[in-house]
Amino acid sequence: MLNRRNFIRAGGAAAAAGAFAGYGTAVSFGAAKSAYDSLRGSLQGDLLLPTDSGYDLAKQMQIAQYDAVSPEAIAYCETPQDVSRVIRFAGAEGLSVRTRSGGHNYSGWSTGDGIVVDVSRIRHATPNGTTVRLGPGAQSILAIDALQPYGKQIATGTCPTVCPGGFFLGGGIGYQTRKFGTGSDRVAAATVVLADGSVVRASSSSDAALYWGLRGGGGGNFGVVVDYEVRPVDAPRMVYYEQWWDYDRAADVFGAWQRWMENGSDSLAGQFVLLMPDAAPGTKPMVLVTGGYLGPQAELDAALAQFASLAGAQPQSSVTADLSYADAMKRVYHCDQFTINQCQRAGTNPDAQLGRTGHQRESYRFFNRVMTPSEIGAVLDAFEADRAAGHTRILHTMALGGALGRTSRYASAFWHRDAQYVMGFVDQMATSTPSAQDVTHADTWTGNGGRVIDPFSSGAYVNFTSSELPNWQTKYYGGNYRMLTAIKNAYDPTDFFRHPRSIGS
């Protein structure tokens, strides 16, 4: 059973720095231990240096290859004041800063060799009148569980431990997008710590340009969000579905799935996945169609019958489950057999059982139309190419459209309002220390996949960063990049917040 994170979960230890060429880090000038001691004493949270117990766990990202990066310090901030103090300290000491909430950035942009501002402990999820208050570290599984007793819920992705801190900033797509828009479309206000340490509340009536940029402009660009106010989604129930199909019919099923989703109800959400758990020569891939329906079971049953008719065949297996929204999302996360504590990254609490990705490469793009049969054939050929034992290979596609396209692309920084789906080639390995040959295999396969789909794509998603991506400014932000640059210059004129693809870099 698969979700966005299951595609790339694997154990592993530290990676060699050369295993992720092109990652890049900002310059760090260093600070005296006495200065760090003073900062530590001023924080409600914790400050960890490389010599401190717990540092090795603290520097972990979701992808283990980035364990090779050793920040000079990691600040677990628990309040907006903590964040402000750390930012002012970093500015005074000439330290580079990276911001982190859930640690899921696929290109490693939320770690570096300076100081990491970690807001994972700011994780409140509470009703607030007609909105919900969310801390940037409120993991999806924790927020959904906390809000369930109040009859309120939020838009999330398909991974249990992704946090609002990065999810909303990049736009935020998932099973709620077709019916309710992006996660960022639901954001009514955001409290942000800026590069000078000051705190502002951005909304449509105050710091409106910043509010615009925070909704789709990507993380690590303008400041550190310490609180979101979001409009909840009206989704008391969801029908989960999962189908497995014969790979011999992959082209027909993929074409049918695209037409089905393009013309389907806004309540219909789904993913189409091709999977090779081991991409050794001769291995037959698997085909998974899965998703959720934010409406009655009978409507989904009729839609699934229509899908089979379009595909000209029946799935090998098909399962549905009509559940409360919270329980359905736990099923999506594949945490329905876990406790909430178990549905956490191993090491973060005594019961946690979720593993990490070892090594990953990926190439993702948006698409604003159904593919032609020849384009589908080219995608499948690229998926089959360059087999390599020990690699897990995935073609991952998530349906969009619906409510996404009923908001102007100028209403927020999220440009891709015409996107019908997002698709990517993902290569992952269990080890975080692959051989040079295996790294080349991963780079070659995902790079070729990106080049195949690029000509008929309509852009790229900043939250699915893509290891290779020419002209990323236009791919991520389209015609909104110029406005984002102006906001960057206004709110962060010294380029204090930066990473390899930050605004203005």
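Since we're looking at a predicted model, the values are computed, not measured.

Peer 1: Mind showing me how you'd approach the packing of aromatic side chains here?
Peer 2: Centre distance and the angle of the planes are the two values used to describe a pair of aromatic rings. Following the criterion strictly, the structure yields 25 aromatic pairs and no others. With 4.6 Å between their ring centres and 20 degrees between their planes, Trp-260 and Phe-307 make a pair best called stacked. Separated by 47 residues along the polypeptide, Trp-260 in helix 8 (residues 250–263) and Phe-307 in helix 9 (residues 297–311) bring together distant segments of the chain. The pair formed by Trp-260 and Phe-307 is uniform in burial state, with each residue classed as buried. The interplanar angle of 50 degrees and the centroid separation of 5.6 Å between the aromatic rings of Phe-366 and Tyr-461 together place this pair among those described as tilted. One end of the pair, Phe-366, is in strand 14 (residues 359–367); the other, Tyr-461, is in the loop between helix 12 (436–453) and helix 13 (472–477), with 95 residues separating them in the sequence. The exposure class assigned to Phe-366 is buried, which follows from its relative accessible area of 0%. One Lys or Arg, Arg-215, reaches over the ring of Tyr-211 and ends 3.8 Å from the middle of that ring.

Peer 1: It is not clear to me how the pattern of salt bridges should be interpreted in this structure. Could you clarify?
Peer 2: A side chain with one charge may pair with a side chain of the opposite charge, provided their charged atoms come close. Summed over the entire model, instances satisfying the criterion amount to 28 salt bridges. The partner of Arg-121 in a salt bridge is Asp-46, with the nearest N and O atoms 2.7 Å apart. Here the residue Arg-121 occupies a position in the loop between strand 4 (115–118) and strand 5 (125–128), and Asp-46 occupies one in strand 1 (residues 46–48), the gap between them amounting to 75 residues. For Asp-46, a relative accessible area of 36% translates into the label partly exposed. Among the salt bridges present, the one from Asp-266 reaches Arg-406, with a minimum N-O distance of 2.4 Å. Placement of the pair is Asp-266 in the loop between helix 8 and strand 11 (268–276) and Arg-406 in the loop between strand 15 (392–399) and strand 16 (421–429), with a sequence separation of 140 residues. We classify Asp-266 as partly exposed; its relative accessible area is 27%. Of the residues examined, Arg-406 reaches a relative accessible area of 56% and is grouped as exposed. A single salt-bridge network, built from bridges that share partners, covers Lys-33, Asp-37, Arg-40 and Asp-52.

Peer 1: Looking at this model, I keep getting lost on unusual backbone geometry. Mind explaining?
Peer 2: Residues apart from glycine generally show negative phi values, whereas peptide bonds are mostly found in trans. In the Ramachandran plot, Asn-471 falls in the positive-phi region, its phi being about 55 degrees despite a non-glycine side chain. Of note, Asn-471 is situated in the loop between helix 12 and helix 13. With phi around 55 degrees, Asp-495 is a residue other than glycine that occupies positive phi space. Residue position: Asp-495 is located in the segment after helix 14 (481–491).

Calculation criteria
- Residues numbered from 1 in each chain as written.
- Predicted model: local features only at pLDDT ≥ 70, side-chain atom pairs only at ≥ 80, totals over all residues.
- Heavy atoms only, no water.
- Phe/Tyr/Trp six-rings, centres within 6.5 Å; stacked < 30°, edge-to-face > 60°.
- Helix = DSSP H or I, 4+ residues; strand = E, 2+ residues; numbered from the N terminus.
- Buried < 20%, exposed > 50% of the residue type's maximum accessible area, 1.4 Å probe, protein only.
- Lys NZ or Arg CZ within 6 Å of the ring centre and 35° of its normal.
- Salt bridge = Lys/Arg side-chain N within 4 Å of Asp/Glu carboxyl O.

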